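Spelled out, the chains give:
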Amino acid sequence: MSHSSPTLAPSPTLSLATLNGASEDGFISLLDGVYEHSPWIAQRAFAVRPAGGFASLAALKHAMATVVREAALDEQLGLIRAHPELAGKAMVAKSLTAESTNEQSQAGLTSCTPEEFARLQQLNADYNARFGWPFILAVRGPRGDGLSRQQIIDTFARRLNGHPDIERAECLRNIHRIAEIRLNDKFGIVPTLGNQVWDWAESLARFSDPGFAENGQLTVLYLTEAHRAAAAQLADWMRECGFDEVGIDAVGNVVGVYHGEADGQTEEPPRLLTGSHYDTVRNGGKYDGRLGILVPMACVRELKRQGRRLKHGIEVIGFSEEEGQRYKATFLGSSALVGRFDPAWLDQADADGVVLRDLMRDAGLPGTMEAIQALKRDPARYLGFVEVHIEQGPVLNELDLPLGIVTSINGSLRYVGEVRGLASHAGTTPMDRRRDAAAAVAELILYVEERAGAVPEVVGTVGQLQVPNGSINVIPGRCRFSLDLRATTDAARDALDADVRARLAEICERRGVSFTLERTEAAAAAPSDAAWQSRWESAVDALGLPVHRMPSGAGHDAMKLHQAMPQAMLFQRGLNLGISHNPLEAISNDDTELCVQAFLALLDGL
């Protein structure tokens, strides 16, 4: 569903100046109804109000969310239980608060079919029996204009299977989202820029590869028809935004340039380079990568609308490939910009035998190294590279923060390995005579977990595990496995690597088994440039938000640009526990509004 019509701002009933100037009783009264039947939240937020008052509505929202996060467990449960069931008895009896009545009406819950109503009643009963509190969902959704009844029912059914601790936290996060939308109504706020980015992402998701599109799944692999259509759409939007130059380059990157204001001394002022990728994993989400293209597009659109030029240009790139899903190569798009495109990639074939060079030519691209090498950027012409990205993790969610500052992109090492023991009968082989390959790998897994967990900002994962030709009554003679080791610095990564390899050798020696280990990938850590990180911090601080610094455990195009110029990243919180590479990947329009505003502040700061 695409939302192309503008959202009308509600008539404001409150201003931040009025709220900041109110007495304690007045403050609590003005915020009545924001949190359902829970005036203690406003009371405690007033107690921590800065001397000059809250600097922004975002600061107020965060203060109240912090109050709830720091509250006692029984207070949190009391807040959850203060909310009515969806399409429950209170709705039928018309005893909901005005705010809840409005929200349930906007989601169509007051006009359920008999079948939908019965389904919701059963879900309410099952949920209460499992958790002991009502199911909480911000039914006005991530854009603020209402989820469909089917979306509500599907979310209800999914979360019914959650762990109680996780579900309680998810209920509280949805309560904060409800409060956020209610505050927007009180203050007459519409996140117009956030809505624009959200709508673009929703519209772009209509392009998906065959086999996935029919099932409502998003998959866009390199240079498929859906990929090329997505590129054409991005280019069209860039032109509509007011970019001066728009094109698709020799590897399929979509490139838009908004020129800076010439100073009369140079042909063209330097540019700030930014962007991210528009390809996806199989059955992925709508925002991984794409957020980092759409947010700066919205900034250029806003500058053009205001008739403004900056003293530097802005170059926004939608990188054509980052995920490595179709060919055994990643960062095809950004590698070309730093002169690191491997000529051997052109001779690779995909699973269907399509050679990359031929694919490029069929897509209207040159398919030659000469054309690709010409894409290399001259760092002297650029101020640096910045990238906005969805966090792809739970940290910002758990801290109730919409934005985070990336300090470093983790360096990583990946291996595939195999332990070889002796396959023998599970019943007749005594426990002290076994050479169990799977048990050796199991011991390694526990060591990786222990070793990585002992050092801050270090992670280790065995994500693949296979016993070839395994049988229920046979001791595993072979066990294949993978290793993924990451850390914020190369030194920490290499120390983890050395310890894990040493322990693997020790385990195999002690157990009388052998092993092979092949390194498949090595990526250096990419620390954020101090000056650019500081600019992101200033931009977030200007919004009245706490500055939270964090590493990126995932790889990004910024890792490649780091090889040529200074780089720094900004993370935006994802919904649904921060899940990414998944259809549940989601963002809210309010968080995105803050992200666009932070980017605009960074541009103005230059």
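Definitions and limits used
- Residues numbered from 1 in each chain as written.
- Predicted model: local features only at pLDDT ≥ 70, side-chain atom pairs only at ≥ 80, totals over all residues.
- Heavy atoms only, no water.
- Helix = DSSP H or I, 4+ residues; strand = E, 2+ residues; numbered from the N terminus.
- Rg over C-alpha atoms; globule rule 2.2 N^0.38 Å.
- Buried < 20%, exposed > 50% of the residue type's maximum accessible area, 1.4 Å probe, protein only.
- Contact = heavy atoms within 4.5 Å.
- Areas by Shrake-Rupley, 256 points an atom, 1.4 Å probe, with all protein chains shown as cover.
- Lys, Arg positive; Asp, Glu negative; His and termini not counted.
- Charge placed at Lys NZ, Arg CZ, Asp CG, Glu CD.
- Polar contact = N/O pair within 3.5 Å; in protein donor to acceptor, adjacent residues only side chain to side chain.
- pLDDT = per-residue confidence, 0-100.
- Axes fitted to C-alpha atoms, helices over the stretch in contact; angles between N-to-C directions.
- Parallel < 35°, antiparallel > 145°, perpendicular 65-115°, else oblique.
- Left-handed = near helix turned anticlockwise from the far one by under 90°.
- Nonpolar A, V, L, I, M, F, W, Y, C, P; charged D, E, K, R; others polar.
- 1 Å grid on protein atoms, 1.4 Å probe; cavity = no way out; pocket = protein on both sides within 12 Å on 5 of 7 lines; lining within 4 Å.
- Points joined across faces, edges and corners; volume = space filled by probe spheres on them.
- Phe/Tyr/Trp six-rings, centres within 6.5 Å; stacked < 30°, edge-to-face > 60°.
- Lys NZ or Arg CZ within 6 Å of the ring centre and 35° of its normal.
- Core = buried A, V, L, I, M, F, W, Y, C linked by side-chain atoms within 4.5 Å.
- Salt bridge = Lys/Arg side-chain N within 4 Å of Asp/Glu carboxyl O.
- Expected span 1.5 Å × (residues − 1).
- Disulfide = S-S within 2.5 Å.

**Regarding the overall build of the protein**
On a plain count of helices and strands, the protein comes out with 22 helices and 16 strands. Since a compact globule built from 606 residues should have a radius of gyration of about 25 Å, the 27 Å found for the protein is in line with a globular shape. Overall, the C-alpha framework of the protein stretches about 75 × 75 × 50 Å when taken along its three principal axes. Here the protein, with 606 residues, has 54% of them falling under the buried criterion. Within the protein, contacts between residues separated by at least 24 positions form 77% of all contacts whose residues are at least 6 apart in sequence. For the protein, the exposed area adds up to about 25,900 Å²; of that, 50% sits on carbon and sulfur atoms. Positive and negative charge centroids in the protein, built from 59 and 78 side chains respectively, lie 2 Å apart.

**What to know about the side chain of E202**
Within the secondary structure layout, E202 lies in helix 11 (residues 192-204). A relative accessible area of 15% places E202 in the buried class. Side-chain polar atoms of E202 contact the side chain of K286, separated by 2.9 Å.

**A look at the confidence of the model for the protein**
Do not read the predicted coordinates in detail wherever pLDDT is low. Overall, the predicted model of the protein reaches an average pLDDT of 94, with 97% of residues at or above 70. Segment residues 1-6 is flagged for pLDDT under 50; beyond a separation of four residues in sequence, or across chains, it makes nine contacts in the model.

**Section: the packing of helix 5 (residues 73-81) against helix 10 (residues 164-187)**
Packing of helix 5 against helix 10 leaves a shortest axis separation of 10 Å and a crossing angle of 60°. Judged by the angle between their axes, helix 5 and helix 10 are oblique. Crossing angle aside, the handedness with which helix 5 passes helix 10 is left-handed. Of helix 10, the residues touching helix 5 (which contributes L73, Q76, L77, L79 and I80) are R168, C171, L172 and I175. Per-class residue counts for the contact of helix 5 with helix 10 are seven nonpolar, one polar and one charged.

**Describing empty space enclosed by the protein**
This structure, assessed with the given rule, holds three cavities of 30 Å³ or more. If you go around the largest cavity, the residues you meet are H83, P84, L86, S100, E103, Q104, F135, I136, L137, V139, I178 and R182. Of all the elements in the fold, those that place two or more residues in the lining of the largest cavity are helix 7 (98-106) and helix 10. The element that contributes the greatest number of residues to the lining of the largest cavity is helix 7, accounting for three residues.

**Quick notes on the packing of aromatic side chains**
Two numbers describe a pair of aromatic rings. These are the distance of the centres and the angle of the planes. Counted according to the given criterion, the structure contains eleven aromatic pairs. Note on Y127 and F156: the rings are 5.8 Å apart at their centroids and 75° apart in plane angle, and the pair reads as edge-to-face. One end of the pair, Y127, is in helix 8 (residues 114-131); the other, F156, is in helix 9 (residues 149-159), and 29 residues separate them in sequence. Y127 sits in the buried class, given a relative accessible area of 0%. Among the aromatic residues, those joined into a ring-pair cluster are Y127, F131, W133, F135 and F156. Looking at R535, its charged tip hangs above the ring of W532, at a distance of 4.3 Å from the centre.

**Quick look at unusual backbone geometry**
One non-glycine residue with positive phi stands out, namely L223, at about 60°. Within the element layout of this structure, L223 appears in the loop between helix 11 and helix 12 (225-241). Positive phi, close to 55°, is recorded for N469, a residue that is not glycine. Looking at the secondary structure, you find N469 in the loop between strand 10 (465-466) and strand 11 (474-475).

**Details of the packing of helix 18 (residues 437-453) against helix 19 (residues 490-511)**
In contact at an axis separation of 10 Å, helix 18 and helix 19 are set at 150° when each is read in the N-to-C sense. Judged by the angle between their axes, helix 18 and helix 19 are roughly antiparallel. Where helix 18 crosses over helix 19, the two elements pack in a sense that is right-handed. Residues A439, A440, E443, L444, Y447, V448, R451 and A452 of helix 18 form the contact with helix 19, whose own contacting residues are A495, L496, D499, V500, R503, L504, I507, R510 and R511. Grouping the constituent residues of the contact of helix 18 with helix 19 by class yields eleven nonpolar, no polar and six charged.

**Describing the nonpolar core**
Counting residues in hydrophobic clusters, the biggest one holds 56 residues, and the most contacted among them are L234, M297, L403, W536, L570 and L603. Looking at this core element by element, the count peaks at nine residues for helix 13 (residues 291-305). Beyond its immediate stretch of four places on either side in the chain, M297 contacts W200, L234, W237, M238, C241 and F243.

**Regarding the pattern of salt bridges**
Evaluation of the coordinates by the stated rule reveals 44 salt bridges. The closest approach of N and O atoms between R182 and E103, which form a salt bridge, is 2.7 Å. Placement of the pair is R182 in helix 10 and E103 in helix 7, with a sequence separation of 79 residues. Here D591 and R573 are joined by a salt bridge, their closest N and O atoms 2.8 Å apart. In this pair, D591 is assigned in helix 22 (residues 589-605) and R573 in the loop between strand 16 (567-572) and helix 22, connecting sequence segments 18 residues apart. As far as burial versus exposure is concerned, D591 and R573 are alike and both buried. Bridged by salt links that share partners, the residues E268, R271, E315, R377 and R381 form one connected network.

**Re helix 22**
For helix 22, spanning 17 residues, the distance from its first C-alpha to its last is 24 Å, which sits close to the expected 24 Å at 1.5 Å a residue. With 13 of its 17 residues buried, helix 22 lies for the most part within the structure.

**Comments concerning the state of the cysteines**
Taken as a whole and assessed by the stated rule, the structure comprises zero disulfides. Residue C595 stays outside any disulfide, its sulfur separated by 8.2 Å from that of C299, the closest cysteine. Residue classification places C595 among the buried positions, given a relative accessible area of 0%.

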